[in-house]
Amino acid sequence: ERVKDHIFDLEYFWNDVDESGDPIDALVNFHLNKPIFSTKIPSHERYYFIVELIDKYEIDGVINVAQKFCESVLYDHPFMNKHFKEKGIPYLFIEKEYNRESYKQLTTRFEAFGEIIGGR
C-alpha cells in the first residue's frame, strides 16, 4: 500500500521562480513567498496551512520530521500532535539524528505509519 501524497521540503518546490522579469527581483519574490516556516510563523498558522493542504490534496496523514535539537520544529510538535489527533488525522513525529545508523528504525516506523493510513 502506498501513501497517497507526499510533501517533502515543500518550501523549495511550492512556487516557481518567475523568469520573465528582473532575475534578482524574481529570486527575492521566490524566497519571500515560500510556505510558512516554523522559525517565522506561530504554530497555529502553520497548522491551518497544513490542514488546507490536507483538504485540497486529500492527504491521508502527516509526517513531521525534525532534525535532533531543531528547537523550532520541536516546539511545534506538541501543538501539531494535539490538533491533528483532535481532527482525526494520522500524525507521525520523527526526531532524526545526523547519522545513518537510525535509517533501519526509521524505515520500520514509516512502514508502520503507512499501514495505519492504509487501514483507514
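Refer to the structure above for everything that follows.
Residues numbered from 1 in each chain as written. Predicted model: local features only at pLDDT ≥ 70, side-chain atom pairs only at ≥ 80, totals over all residues. Heavy atoms only, no water.

Draft legend 1. Spotlight on the nonpolar core. If you look at the biggest cluster of nonpolar residues, it comprises 12 residues: Tyr47, Val51, Ile54, Ile59, Val62, Ala66, Val73, Met80, Phe84, Ile89, Tyr91 and Phe93. With residues near it in sequence (within four places) discarded, Tyr91 still touches Val62, Asn64, His77, Met80, Asn81, Phe84 and Phe113. With five residues, the next largest nonpolar core counts Leu92, Ile94, Leu106 and Phe113 among its residues. (Core = buried A, V, L, I, M, F, W, Y, C linked by side-chain atoms within 4.5 Å. Buried < 20%, exposed > 50% of the residue type's maximum accessible area, 1.4 Å probe, protein only. Contact = heavy atoms within 4.5 Å.)

Draft legend 2. The arrangement of unusual backbone geometry in detail. Residues other than glycine seldom take positive phi values, yet Glu58 does so here, at roughly 55 degrees. Relative to the elements of secondary structure, Glu58 occurs in the loop between α3 (43-57) and β1 (62-67). With relative accessibility at 54%, the residue Glu58 sits in the exposed group. (Helix = DSSP H or I, 4+ residues; strand = E, 2+ residues; numbered from the N terminus.)

Draft legend 3. Region of interest: α3. The end-to-end C-alpha distance of α3, which contains 15 residues, comes to 21 Å, matching closely the 21 Å that a straight helix rising 1.5 Å per residue would cover. Of the positions making up α3, those classed as buried are Ser43, Arg46, Tyr47, Val51, Leu53 and Ile54. Along α3, the residues classed as buried sweep out an arc of 160 degrees about the axis, all on the same side. When the buried face of α3 is taken as reference, the exposed residues oriented beyond 90 degrees from it are Glu52, Asp55 and Lys56. (Expected span 1.5 Å × (residues − 1). Arc of directions from axis to C-beta.)

Draft legend 4. Structural context of the pattern of salt bridges. In the structure shown here, the tally under the stated rule is two salt bridges. One salt bridge in this structure joins Arg46 and Asp76, with 2.5 Å as the shortest N-O distance. Taken together, the residues span a long stretch of sequence, with Arg46 in helix α3 and Asp76 in helix α4 (residues 71-87) at a distance of 30 residues. Here Glu86 makes a salt bridge to Lys82, at a shortest N to O gap of 3.4 Å. (Salt bridge = Lys/Arg side-chain N within 4 Å of Asp/Glu carboxyl O.)

Draft legend 5. Summary view of the packing of α3 against α4. Axis separation between α3 and α4 bottoms out at 10 Å; the angle between their running directions is 45 degrees. For the element pair α3 / α4, the angle class is oblique. Of the two elements, α3 crosses α4, and the hand of that crossing is right-handed. Here α3 contributes Ser43, His44, Arg46, Tyr47, Ile50, Val51 and Ile54 to the contact with α4, which in turn contributes Tyr75, Asp76, Phe79, Met80, His83, Phe84 and Lys87. Class assignment of the residues belonging to the contact of α3 with α4 gives a composition of eight nonpolar, three polar and three charged. (Axes fitted to C-alpha atoms, helices over the stretch in contact; angles between N-to-C directions. Parallel < 35°, antiparallel > 145°, perpendicular 65-115°, else oblique. Left-handed = near helix turned anticlockwise from the far one by under 90°. Nonpolar A, V, L, I, M, F, W, Y, C, P; charged D, E, K, R; others polar.)

Draft legend 6. Structural detail: the environment of Ser38. Locating Ser38 in the fold gives a position in the loop between α2 (23-32) and α3. Through-space distance from the C-alpha of Ser38 to that of Glu71 is 9.4 Å; in sequence the pair is 33 residues apart. For Ser38, the contacting residues outside a window of four places in its chain are Arg46, Ser72, Val73 and Asp76.

Draft legend 7. Looking closely at a nonpolar patch on the surface. Residues Ile24, Val28 and Leu32 make up a contiguous nonpolar surface patch of roughly 320 Å² in combined accessible area. Mapped onto the elements of the fold, Ile24 is located in helix α2. Taking relative accessible area as the criterion, Ile24 reaches 57% and is therefore assigned exposed. (Patch = residues over 30% accessible without salt bridge, like charges linked within 9 Å, V, L, I, M, F, W, Y side chains within 5 Å. Areas by Shrake-Rupley, 256 points an atom, 1.4 Å probe, with all protein chains shown as cover.)

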